[in-house]
Amino acid sequence: MNSITAKAPSSTANLGPGFDVFGLALDAFYDTVTLTRQKNGISIITGDSIPVSPSKNTAGLVVQYMKKKFKIKSGIQIKIKKGVPAGFGMGSSAASAAATAIAFDRLFGLKLDGNTLVECAGVGERASAGSIHYDNVSASVLGGFVIVRTKPLDVLKVLPPSDLRLVVAVPKMVVPAKKTQVSRSVVPKQIALADSVVNLSNAAAIVAGFVSKDSELIGRSIQDIIVEPARAHLIPGFNSVKKNALRAGALGVTISGAGPSVISFATKKANLAKISSAMKKGFASAKTDCTVVICKPSGGAKTI
Ligand code: ADP
């Protein structure tokens, strides 16, 4: 085989109280990556505005790492078609990394297990976040709802309930180049034990909701009293977006990953169009336009 193409989904990280631990693959946007053997080196081709230097692109870092780890001599050309908007908390850099890890595995017949694929894709996150976080890449590689444990890396996947629906509002705004670093810098370094108890109880209920396929339990447990309040000011109109969506029938609303996208959790019974326009109005109250997508959870990255 000389060439292979894989696609990987967008994802939302944290789901409120599961900071750096939870991820959910979203059937909203996809990145497509084609790897082709070439004589020497690693080159990146893309029409999208992302870095083309392999050491600054998440896909390039994954190929560098996997070439070394699995002693692959061949040069590799990486063609990237972005579908996931970059820098909006939709796991854009992770989707490129996930598609690349899957494509590399298939191109060289490595037959890697899930944890190893996640480890390889996670290396790419250094290019965007400056450090390795596995929440988005785990969801994008494996699909569904994921719980990330590190030291050693051990990712658990749970299939989401079939009636779970998400409404994601992606604001049209200029995101700072170092957005993830900025939004991490406002998170408190120390927290009160009582606050951690509240967040832990909600996180545990979210896991119970996924395991028992109870979308209402998931939705009403999307409550974070630690990270969300510290980050809300970075998102124009966040409080109105949240209040409006809850009034329109969303079960839970929070920041998607490091933001600025906002995600509502609901079931297919809800009036999803009403939640969409409520979120749009919330952003409009802060003079910000947004794109709203209604979606379901997604399966993981796969070759096409
Ligand atoms: P997201 O929430 O979309 O993952 P990040 O802030 O973590 O946002 O990552 C986006 C940053 O990563 C941008 O600055 C972008 O230039 C950089 N980046 C590097 N490689 C890629 C890639 N292949 N796809 C998207 N963004 C990339």
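Everything below is about the structure printed above this text.
A brief report on the enclosed structure follows. For clarity, every value in this text was computed on a predicted model and none was experimentally measured.

## Regarding the site of the ligand
So, step 1. Close to the ligand lie 19 residues; N57, K82, G87, S93 and T180 are nearest.
So, step 2. Within the side chain of K179, one N or O atom sits 3.4 Å away from an oxygen atom of the ligand.
So, step 3. Here the ligand has 570 Å² of accessible area as a free molecule, and 88% of this is covered by the chains.
So, step 4. Sorting elements by how many residues they give to the shell around the ligand places helix α2 (residues 92-107) first, with 3 residues.
So, step 5. By residue class, the composition of the shell around the ligand is 6 nonpolar, 10 polar and 3 charged.

## As for the pattern of salt bridges
So, step 1. The tally for this structure, following the rule as stated, stands at 8 salt bridges.
So, step 2. In this structure, the salt-bridge partner of R184 is D20, at a minimum N-O distance of 2.6 Å. In this pair, R184 sits in helix α6 (residues 179-185) while D20 sits in the loop between β1 (3-13) and β2 (22-38), placing the two residues 164 residues apart along the sequence.
So, step 3. According to the relative accessible area criterion, R184 is partly exposed, its value standing at 25%.

## A closer look at the sheet that holds strand β10 (residues 290-295)
So, step 1. Pairing is antiparallel in the open sheet, where 4 strands are placed in the order β8-β9-β7-β10. Looking at which strands have only one partner, the edges of the open sheet turn out to be β8 (252-255) and β10. Each adjacent strand pair in this sheet contributes to an overall mean axis angle of 20°, direction not counted.
So, step 2. The pairing of strand β7 (residues 164-171) with β10 spans 6 bridges and is classified as antiparallel. Residue V167 lies in a different strand from β10, and its bridge partner there is I294.

## Things to note about the nonpolar core
So, step 1. Judged by nonpolar contacts, the single largest core of 63 residues is most densely connected at L24, L35, I78, F145, F210 and F265.
So, step 2. It is α2 that provides the largest number of residues to this core, a total of 10 residues.
So, step 3. Beyond its immediate stretch of four places on either side in the chain, F210 contacts L15, L24, F145, V158, L159, P160, P161, L164 and I218.
So, step 4. With 19 residues, the next largest nonpolar core counts A232, A250, V262 and M279 among its residues.

## Remarks on the side chain of S96
So, step 1. By secondary structure assignment, the location of S96 is in helix α2.
So, step 2. At a separation of 2.7 Å, a polar atom in the side chain of S96 contacts the side chain of D31.
So, step 3. Contacts of S96, omitting those with residues within four sequence positions, involve D31, V33, T58, A59, I80 and K82.

Conventions adopted
Residues numbered from 1 in each chain as written. Predicted model: local features only at pLDDT ≥ 70, side-chain atom pairs only at ≥ 80, totals over all residues. Heavy atoms only, no water. Near = heavy atom within 4 Å. Polar contact = N/O pair within 3.5 Å; in protein donor to acceptor, adjacent residues only side chain to side chain. Areas by Shrake-Rupley, 256 points an atom, 1.4 Å probe, with all protein chains shown as cover. Helix = DSSP H or I, 4+ residues; strand = E, 2+ residues; numbered from the N terminus. Nonpolar A, V, L, I, M, F, W, Y, C, P; charged D, E, K, R; others polar. Salt bridge = Lys/Arg side-chain N within 4 Å of Asp/Glu carboxyl O. Buried < 20%, exposed > 50% of the residue type's maximum accessible area, 1.4 Å probe, protein only. Pairing = 2+ DSSP bridges. Axes fitted to C-alpha atoms, helices over the stretch in contact; angles between N-to-C directions. Core = buried A, V, L, I, M, F, W, Y, C linked by side-chain atoms within 4.5 Å. Contact = heavy atoms within 4.5 Å.

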